[in-house]
Amino acid sequence: MSTFSADLERWVRKSERRMEAVVKQSAQAVIEIVQTPQAKGGKMPVDTGFLRNTGVIALNTAPSGPAKADEGDAGEWDISSITLTINDVEIGDTIVFGWSAVYARKMEERYGFAQSAAMQWPSIVAVNANELRTRIL
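Residues numbered from 1 in each chain as written. Predicted model: local features only at pLDDT ≥ 70, side-chain atom pairs only at ≥ 80, totals over all residues. Heavy atoms only, no water.

Trainee: I'm lost on the overall build of the chain in this one. Help?
Mentor: Helix and strand counts for the chain come out as six helices and two strands. For a compact globule of 137 residues, the expected C-alpha radius of gyration is about 14 Å, and the chain comes in at 18 Å, more than 25% above that figure. A total of 137 residues make up the chain; the buried ones form 31% of that total. Long-range contacts, defined as pairs at least 24 residues apart, comprise 75% of the intrachain contacts of the chain with a sequence gap of at least 6. Mean positive and mean negative side-chain charge positions of the chain (15 and 17 charges, respectively) differ by 7 Å. (Helix = DSSP H or I, 4+ residues; strand = E, 2+ residues; numbered from the N terminus. Rg over C-alpha atoms; globule rule 2.2 N^0.38 Å. Buried < 20%, exposed > 50% of the residue type's maximum accessible area, 1.4 Å probe, protein only. Contact = heavy atoms within 4.5 Å. Lys, Arg positive; Asp, Glu negative; His and termini not counted. Charge placed at Lys NZ, Arg CZ, Asp CG, Glu CD.)

Trainee: Even after reading the chapter, I still don't get the layout of surface pockets, so can you show me in this structure?
Mentor: Summary: where empty space remains is shown by rolling a probe the size of a single water molecule over the atoms. Within this model, the largest pocket holds a volume of roughly 190 Å³. Lining the largest pocket we find Ala27, Val30, Ile31, Val34, Ile95, Val96, Phe97, Trp99, Ala114, Ala117 and Ala118. Contributing elements (two or more residues each) for the lining of the largest pocket: helix H1 (3-34), strand E2 (95-99) and helix H5 (113-119). Per-class residue counts for the lining of the largest pocket are eleven nonpolar, no polar and no charged. (1 Å grid on protein atoms, 1.4 Å probe; cavity = no way out; pocket = protein on both sides within 12 Å on 5 of 7 lines; lining within 4 Å. Points joined across faces, edges and corners; volume = space filled by probe spheres on them. Nonpolar A, V, L, I, M, F, W, Y, C, P; charged D, E, K, R; others polar.)

Trainee: Hey, could you run me through the packing of H1 against helix H6 (residues 121-135) in this one?
Mentor: Helix packing for two helices is described by the angle between their axes and how far apart those axes are. Taken N-terminus to C-terminus, the directions of H1 and H6 make an angle of 135 degrees; their axes are 9 Å apart at the nearest point. The angle between the axes of H1 and H6 places the two elements in the oblique class. The hand of the H1/H6 crossing is right-handed. Across the interface between the two elements, Arg18, Ala21, Val22, Val23, Gln25, Ser26, Ala27, Ala29, Val30 and Ile33 of H1 pack against Trp121, Ile124, Val125, Asn128, Ala129, Glu131, Leu132, Arg133 and Arg135 of H6. For the contact of H1 with H6, a count of residues per class yields twelve nonpolar, three polar and four charged. (Axes fitted to C-alpha atoms, helices over the stretch in contact; angles between N-to-C directions. Parallel < 35°, antiparallel > 145°, perpendicular 65-115°, else oblique. Left-handed = near helix turned anticlockwise from the far one by under 90°.)

Trainee: For this particular structure, what's the right way to read the packing of aromatic side chains?
Mentor: When we look at a pair of aromatic rings, we describe it by the centre distance and by the angle of the planes. Scanning the entire structure with this criterion turns up two aromatic pairs. Taking 5.3 Å as the distance between ring centres and 85 degrees as the angle between the ring planes, the aromatic pair formed by Phe97 and Trp99 counts as edge-to-face. One aromatic cluster is present, built from ring pairs that chain together Phe97, Trp99 and Phe113. (Phe/Tyr/Trp six-rings, centres within 6.5 Å; stacked < 30°, edge-to-face > 60°.)

Trainee: When you look at helix H4 (residues 104-111) in this model, what are you seeing that I'm missing?
Mentor: Along an α-helix, residues three or four positions apart point the same way, because every turn accommodates 3.6 residues. Along H4, the residues classified as buried are Ala104, Met107 and Glu108. For H4, the buried positions fall inside an angular range of 100 degrees around the axis, keeping them on one side. For H4, the exposed residues set more than 90 degrees away from the buried face come down to Arg105, Lys106, Glu109 and Arg110. Elements in contact with the buried residues of H4: helix H2 (50-53), E2 and H5. (Arc of directions from axis to C-beta.)

Trainee: Can you walk me through the pattern of salt bridges in this structure?
Mentor: What the rule picks out here adds up to three salt bridges. Residue Arg13 pairs with Glu9 through a salt bridge whose shortest N-O separation is 2.8 Å. In this pair, Arg13 and Glu9 both sit in helix H1, four residues apart, roughly one turn of the helix. With a relative accessible area of 37%, Glu9 lands in the partly exposed category. The residue Glu20 makes a salt bridge to Lys24 at a minimum N-O spacing of 3.4 Å. Here the residue Glu20 and the residue Lys24 both occupy positions in helix H1, the gap between them amounting to four residues, near one helical turn. Take Lys24: its relative accessible area is 17%, and that puts it in the buried class. (Salt bridge = Lys/Arg side-chain N within 4 Å of Asp/Glu carboxyl O.)

Such coordinate-based values are descriptive only and should not be taken to indicate function.
Shown next, in the form of structure tokens:
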């Protein structure tokens with residue numbers, strides 16, 4: 001293989017690693033923002049915690065979970081399950097995050113927690129791309 005071809009191949013692999021890392025880090029950041037309770041400076045309303053606790057993630061499909069509090073205990077929302085799923089992301093995957101609570105759409109219309117976080121996506125990606133440019137060699 002010529003030096004040019006080898007250099008080009010290394011550049012492509014490095015670019016792919018950077019893209020994947022930017023997507024993963026940015027997706028996690030947006031989910032953390034959208035799930036931040038109002039009491040901690042976010043827009044997510046928390047009364048019983050059911051809405052927040054039904055936040056789920058899936059790759060390439062719609063996530064699911066309990067729609068009503070009496071359909072099962074949603075448990076305490078934990079970022080670790082999100083992180084595990086995001087770690088499996090590959091270029092071309094679709095990351096879907098949402099809430100299974102039946103009233104999630106009404107709460108979003110009222111408080112705009114998802115829309116607000118989504119509007120931050122371009123700046124989050126820019127920050128992560130800039131940071132990872134120097135870390136992934």
